[in-house]
Amino acid sequence: MDTERTRDDQHEYWDRVADEKTFSHPLDAGRLARHLRPDARVLDLGCGYGRATNELAQLGYDALGVDPAAGMIARGKRLFPELDLRVWSGASLPFEPACFDAALLITVLTATPGDDDQRALIAELRRVLAPGGLLLVSDLFLQDDPKNRARYAAGLERHGRMGVFELEEGVLLRHHERTWMAELLGGFEELETTEIEVTTMNGNTCRAFQYWGRRP
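In this text the structure is predicted, and so the values were computed from the model without any measurement. (Residues numbered from 1 in each chain as written. Predicted model: local features only at pLDDT ≥ 70, side-chain atom pairs only at ≥ 80, totals over all residues. Heavy atoms only, no water.)

Engineer: Help me understand the environment of Phe23, please; the structure alone is not making it clear to me.
Structural biologist: When you line up the elements, Phe23 lands in the loop between helix H1 (3-16) and helix H2 (29-35). For Phe23, a relative accessible area of 22% puts it in the partly exposed group. (Helix = DSSP H or I, 4+ residues; strand = E, 2+ residues; numbered from the N terminus. Buried < 20%, exposed > 50% of the residue type's maximum accessible area, 1.4 Å probe, protein only.)

Here it is, written out as structure tokens:
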């Protein structure tokens, strides 16, 4: 996959649609409360317009959101001016090691189609999480409907990776094989993985997963 090219395309796309898309993966407040102390410092990486960051703040957590799309952050600052939302794009997160108690990746892997980019993202989260820190990944496994199967077949031929597909509106996305998720997150201690139904940013119903793990 030409991940350098797609990374630039991805950023342009998310800036372009920043005021149009609605994200809806749920944040399970009960599970968060079981796994985190009330004053925990939480990083919402790939926060978009700050929807989940705001939910975290409303629950009392010390929440900070970062996203590479300046348009998304600008929308978030209009919606939630009290939040700490920052533009971030680069190889390394601008934080010291072990400075967060928890981190969220909500559909960020879907928007990060390359294997190496996903590995780098998870490695950075491991670096900034304190030992015992919580990782929540909410994303999509491969779907089994005809539309998505056709997308996957075309993406496999073009990009060499099952689950990668292109939307006509100009973005490369990825749904995930279970074996790849197990490999990618293998450096964390899995607490639980649940499966839920979600509505995507384009109004489609999909089966999603939420992985809860700890940094050793």
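Engineer: What is the right way to look at the pairing of strand E1 (residues 41-45) in this model?
Structural biologist: Along any regular strand the residues' side chains alternate between the sheet's two faces. Counting buried positions over the five residues of E1 gives four, a clear majority of the element. Regarding the hand of the β-α-β motif, the stretch spanning E1, helix H3 (residues 51-58) and strand E2 (residues 62-67) is right-handed. Bridge count between E1 and strand E4 (residues 100-106): four bridges; the pairing is parallel. Residue pairing across strands places Leu45 opposite Leu105, the latter belonging to E4. (Right-handed = clockwise from strand over helix to strand, strands pointing away. Pairing = 2+ DSSP bridges.)

Engineer: Any chance you could explain the nonpolar core here in plain terms?
Structural biologist: It is characteristic of soluble globular proteins that their nonpolar side chains tend to be buried jointly. If you look at the biggest cluster of nonpolar residues, it comprises 27 residues, and the most contacted ones within it are Leu43, Leu45, Leu93, Leu105 and Leu135. Only E1, E2, E4, helix H5 (115-128), strand E5 (129-140), helix H7 (178-184) and strand E9 (205-214) provide two or more residues apiece to this core. The dominant element in this core, judged by the number of residues it contributes, is H5, at four residues. When sequence neighbours within four positions are dropped, the list of residues in contact with Leu135 reads Ala103, Leu125, Leu129, Leu185, Phe188, Tyr211, Trp212 and Gly213. Counting residues in each nonpolar core, the second largest holds 15 residues, with Ala52, Leu56, Ala63 and Leu104 among its members. (Core = buried A, V, L, I, M, F, W, Y, C linked by side-chain atoms within 4.5 Å. Contact = heavy atoms within 4.5 Å.)

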